[in-house]
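# Fold and geometry: a report
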Amino acid sequence: MRASHDLGRVPVSFDEPNLVPCAGLLAPALLAQRTGLAELVESRVHLQSHGAHGGAKALTVIGSVLGGGDSIDDTALLRAGATGEIFNATRAPSTVGSWLRSFRWHNIRQLDAVSREFLKRLWAAGGGPADLAGPLTIDLDSTIVPVYGRAKQGAAFGYTRTRGYHPQLATLAQSGQVLFSRLRGGSAGAARGAKSFLTETISRTRHAGASGQLTVRADSGPRSGRLPSAAERRACHGVQSPILTR
């Protein structure tokens, strides 16, 4: 089917004040409100500049990402239509950009502390395993996140010959929920940081309330490092040594 006019000349806008273009944002916004995510960011993340109202800025970024945004300018999505009724304290893209550029390495560790406490609150609110005293299985793996800009810090070619990043992920096998993630450079080997990553994953899982047996599964990548010894030292805490998968 062909249009009878040039579609490039057709303006498109969403200006209906009573409609939300991404109604699915209501559930995560409600969850963030009930778990006090904005207040958690305010209390844990301290920037040298542009740090005021960090909770509102963090929710602006999170809401934008959940709504399909992939750039700072896309945070303006949360101001379309009645979306402001869901995220009523959003910040302008320029303000969010200044906030993000103010982050340093120690602030990333502060964000780790935020996600650690948020996981605990999430599970306490019912957003975790049905039986925290039961056995849980944790999958450790890494993935390739491709990028296309040559100037992106940390992006590099790895074993897949794709320019990008090589983050680590720990997920709960029972639900697919991400327990912990850590960004690494694109050229990082599969086993780099696996030992400390496993230790932190187990620690935050216990902090969130899991008291039963934990089984860790990993493929040969993380296993090529010192991953087993880290789990073996925690065997007294109910952690089964990693299972090699292919």
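Just above sits the structure.
Now for a quick tour of the structure. (Residues numbered from 1 in each chain as written. Predicted model: local features only at pLDDT ≥ 70, side-chain atom pairs only at ≥ 80, totals over all residues. Heavy atoms only, no water.)

### Considerations on the side chain of Glu200
With respect to the helices and strands, Glu200 occurs in helix H6 (residues 194-207). A polar atom in the side chain of Glu200 sits 3.5 Å from the side chain of Arg116. Excluding its chain neighbours within four sequence positions, the residues that come into contact with Glu200 are Arg116 and Phe180. (Helix = DSSP H or I, 4+ residues; strand = E, 2+ residues; numbered from the N terminus. Polar contact = N/O pair within 3.5 Å; in protein donor to acceptor, adjacent residues only side chain to side chain. Contact = heavy atoms within 4.5 Å.)

### Details of the environment of Val20
The residue Val20 is located in the segment before helix H1 (26-35) in this model. Through-space distance from the C-alpha of Val20 to that of Glu85 is 8.7 Å; in sequence the pair is 65 residues apart.

### Details of the nonpolar core
Ranked by size, the top nonpolar core spans 18 residues in total, and within it Trp123, Leu136, Ile138, Leu140, Ala170 and Leu179 carry the most contacts. Those elements that place two or more of their residues in this core are helix H5 (105-124), strand E1 (136-142), strand E5 (168-172), strand E6 (178-182), H6 and strand E7 (214-218). Among residues more than four places away in sequence, those in contact with Trp123 are Gly128, Pro129, Leu132, Leu136, Leu172, Gln177, Leu179, Thr205, Ala208 and Ala210. Counting residues in each nonpolar core, the second largest holds 17 residues, with Leu37, Leu40, Val45 and Leu78 among its members. (Core = buried A, V, L, I, M, F, W, Y, C linked by side-chain atoms within 4.5 Å. Buried < 20%, exposed > 50% of the residue type's maximum accessible area, 1.4 Å probe, protein only.)

### What to know about the packing of aromatic side chains
Taken as a whole and judged by the stated rule, the model has two aromatic pairs. Consider the rings of Phe180 and Phe197, whose centres lie 4.9 Å apart with planes at 15°: the pair is stacked. Within this pair, whereas Phe180 is found in strand E6, its partner Phe197 is found in helix H6, the two being separated by 17 residues in sequence. (Phe/Tyr/Trp six-rings, centres within 6.5 Å; stacked < 30°, edge-to-face > 60°.)

### Concerning the pairing of E7
Counting buried positions along E7 yields four of five residues, so the element is predominantly enclosed. Looking at chain direction, E1 and E7 are connected through five bridges and run parallel. Within the sheet, the bridge partner assigned to Thr137 lies in E7 and is Thr215. (Pairing = 2+ DSSP bridges.)

### Some thoughts on the layout of surface pockets
A volume near 390 Å³ is recorded for the second largest pocket. Looking at the lining of the second largest pocket, the elements that each hand over two or more residues are H1, helix H2 (37-44) and helix H3 (54-66). If one sorts the elements of the lining of the second largest pocket by residue count, H1 sits on top with five residues. Here the residues of the lining of the second largest pocket sort into 10 nonpolar, six polar and four charged. (1 Å grid on protein atoms, 1.4 Å probe; cavity = no way out; pocket = protein on both sides within 12 Å on 5 of 7 lines; lining within 4 Å. Points joined across faces, edges and corners; volume = space filled by probe spheres on them. Nonpolar A, V, L, I, M, F, W, Y, C, P; charged D, E, K, R; others polar.)

### Some remarks on H6
Over its 14 residues, H6 runs 20 Å from end to end, which matches the ideal 20 Å to within 8%, given 1.5 Å per residue. Taken together, the buried positions of H6 are Ala194, Phe197, Leu198, Glu200, Thr201, Ile202, Arg204 and Thr205. Positioned one or two residues after H6, Gly209 has a phi angle of 120°, which is positive. (Expected span 1.5 Å × (residues − 1).)

### Focus on the pairing of E5
Residues Gln168, Ala170 and Leu172 line the buried face of E5, whereas the alternating positions Leu169 and Thr171 sit on a face that is not buried. Here E1 runs beside E5; their pairing, made up of five bridges, is antiparallel. Along E5, the bridge assignment pairs Leu140 with Ala170. In the sheet, E5 pairs with E6 via four bridges, with the strands oriented antiparallel. Its bridge partner lying in E6, Thr171 is registered against Val178.

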